[in-house]
Amino acid sequence: MMGGVNNAKDYIDLMGFGYVDPVTEDPIITDSLLQGGIVSVYYLGTLFGCLGGGWVGDKVGRIKTIALGSLWAIVGASLQCSAQNHKWMICARAVNGIGTGILNAIVPVWATETAEHTSRGQFIAIEFTLNIFGVVVAYWLEFGLSFIDNGNSPIRWRFPIAFQIIPLLVLLGSVWFFPESPRWLVKAGRVEEARFILHRLRGSTGEDRERAELELNDISNIVALESKESTKNSYLHMLFGIGSGELHTGRRVQLVIWLQIIQEWVGIAGVTIYAPTIFRIAGFDTYKSQWISGLNNIFYMFATLICVFTLDRIGRRWTLYWGAVGQGIAMFLAGAFSKLGQDATARGEIDRANSFGAAAAAFVFIFTSVFGATWLTVPWLYPAEIFPLQVRAKGNAWGVFGWSIGNGWLTLLCPVMFANIGSTTLHIFGACNIVAIPIVWALYPESNQRTLEEMDLLFAADTPWVWDAEKKFAELKEQQPELVQAARRGEHVVDPEAGVLVHPANAKPEDAVHTESEEHVSP
């Protein structure tokens, strides 16, 4: 949304970070730090909101937390659309960010806890498609309003910000009709309510009823395990891995935080928010830059559907590999053609400048399409797969925490980078893609086609290196094949205190869990 807001004359004048050239109608930014600060403070809010949302969600339930996040976001959006100066806007965006952070932390948890494990992957991919659809609607709404009063009217930026209040009000009013997470209900001791909801979700007759009862039993077993370890599940314990033993929870927290930060530094935060700036650097005028940016978002939306068909086929690591290669090449070439376009414009070679600008725009399109098919989904899915069940909801909050840091950091720096080094900014993004490849290769084990119980075996190694993780996993499989067999049957095979169990048959009944029910937890 801020990509269009940052180009509105009334907004630029009111916030005081620049002006619009009366001849070319291009925004001229005189205080890029203030412009970036207004954008990035939103992510400071999401950082605190996600941690609060994860904690509140475990205390009062998923539905009430979604309602809280909706209400908070409504207040923040109201403050934003009525802002009268940059100080007001900064505070309003921080408030709105808290509400978004709460929703980001709890909505995926609720969705995956109520969905069946067989449809979770495609469900998450489609959820991202709908997410980008919202980006498309917001951007084209801003573009359409730019024609009112020649783009000088306050409605150009105030109405799009206020427009988000409508779906938030719908969510706030309708969420009370959604079923509460059966997992949270069991944790709260409301087993009969959980049974009723599972029967409604899975079926109440024949095999469906039996499957629902088995799932309820599995959830009860998991809750018993969580209760035993509840004193070691705080955010502080997770961050430093205190009391996690061979589960190495602290290592997993670092992996999901940095994966989200890298996700932003491969270039998507800059392209999404500052796409018009990138296209202006490539030589397009303001009007053409804006509608090309909107078209780019449409391509982005449809590209997310590719992940539905490829993610479970080629795995998480190879998805990140080919995505980083494609994105890196696209960023390098977009930067190169942008520079050529600028130089041609300076020499008065308009036809060549237009050709170079079109090439730069094409590679930005390619970048966002490749990102939508690869790096958009995996950093949100990975936390759902690698964390122990008893801390998986908080693990998702740590992922949002990393996303907030990455977005906030980059959106603060982007205007400064574009203002000082121009198209070289895209080369930096390209370099980050190349650097991401060895990081993923060395530190991120493959989670595809492995049960959630096997994740505990996969992270049992004492070092963070992938080859040690795979070696340790293979050793456990070879030396004690019953461990992996137990995992595939859904039995818990790693204890946070004792480490890898000598034999799953020796596990206490309350330690047994079932793979199917474990699959119902948030990314």
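Residues numbered from 1 in each chain as written. Predicted model: local features only at pLDDT ≥ 70, side-chain atom pairs only at ≥ 80, totals over all residues. Heavy atoms only, no water.

Draft legend 1. Here's a closer look at the nonpolar core. With 74 residues, the main nonpolar core has Phe279, Trp375 and Trp398 as its most contacted residues. Per element, the largest residue contribution to this core is 15 residues, and it comes from helix H13 (residues 249–281). (Core = buried A, V, L, I, M, F, W, Y, C linked by side-chain atoms within 4.5 Å. Buried < 20%, exposed > 50% of the residue type's maximum accessible area, 1.4 Å probe, protein only. Helix = DSSP H or I, 4+ residues; strand = E, 2+ residues; numbered from the N terminus.)

Draft legend 2. Up close: a nonpolar patch on the surface. Residues Phe133, Val137, Ile148, Ile155, Phe159, Phe163, Ile166 and Val170 make up a contiguous nonpolar surface patch of roughly 660 Å² in combined accessible area. Contributions of two or more residues to the nonpolar patch are made by helix H6 (120–145), helix H7 (155–163) and helix H8 (165–174). With three residues, H7 is the largest single contributor of residues to the nonpolar patch. Looking at the secondary structure, you find Ile148 in the loop between H6 and H7. (Patch = residues over 30% accessible without salt bridge, like charges linked within 9 Å, V, L, I, M, F, W, Y side chains within 5 Å. Areas by Shrake-Rupley, 256 points an atom, 1.4 Å probe, with all protein chains shown as cover. Salt bridge = Lys/Arg side-chain N within 4 Å of Asp/Glu carboxyl O.)

Draft legend 3. Layout of the pattern of salt bridges. According to the stated counting rule, one finds seven salt bridges in the structure shown. Of the charged contacts, one joins Arg195 and Glu213 as a salt bridge, the two residues approaching to 3.0 Å between their closest N and O atoms. Pair noted here: Arg195 is in helix H10 (residues 191–202) and Glu213 is in helix H11 (residues 206–228), with a separation of 18 residues, a long-range link. Within this structure, Glu192, Arg195 and Glu213 form a network of salt bridges that share partners.

Draft legend 4. Seen up close, the packing of helix H5 (residues 86–114) against helix H18 (residues 392–421). Contact geometry of H5 with H18 gives a least axis separation of 9 Å together with a crossing angle of 140 degrees. Taken together, H5 and H18 sit at an angle that is classed as oblique. The handedness of the crossing between H5 and H18 is right-handed. Between H5 and H18, the residues in contact are Asn104, Ala105, Pro108 and Val109 and Ala393, Asn396, Val400 and Trp403, respectively. (Axes fitted to C-alpha atoms, helices over the stretch in contact; angles between N-to-C directions. Parallel < 35°, antiparallel > 145°, perpendicular 65-115°, else oblique. Left-handed = near helix turned anticlockwise from the far one by under 90°. Contact = heavy atoms within 4.5 Å.)

Draft legend 5. Geometry of the confidence of the model for the protein chain. Averaged over the protein chain, the pLDDT score is 81; the fraction of residues at 70 or greater is 86%. For residues 496–523, every residue scores under 50 in pLDDT, and the model assigns this stretch 105 contacts once sequence neighbours within four places are set aside. (pLDDT = per-residue confidence, 0-100.)

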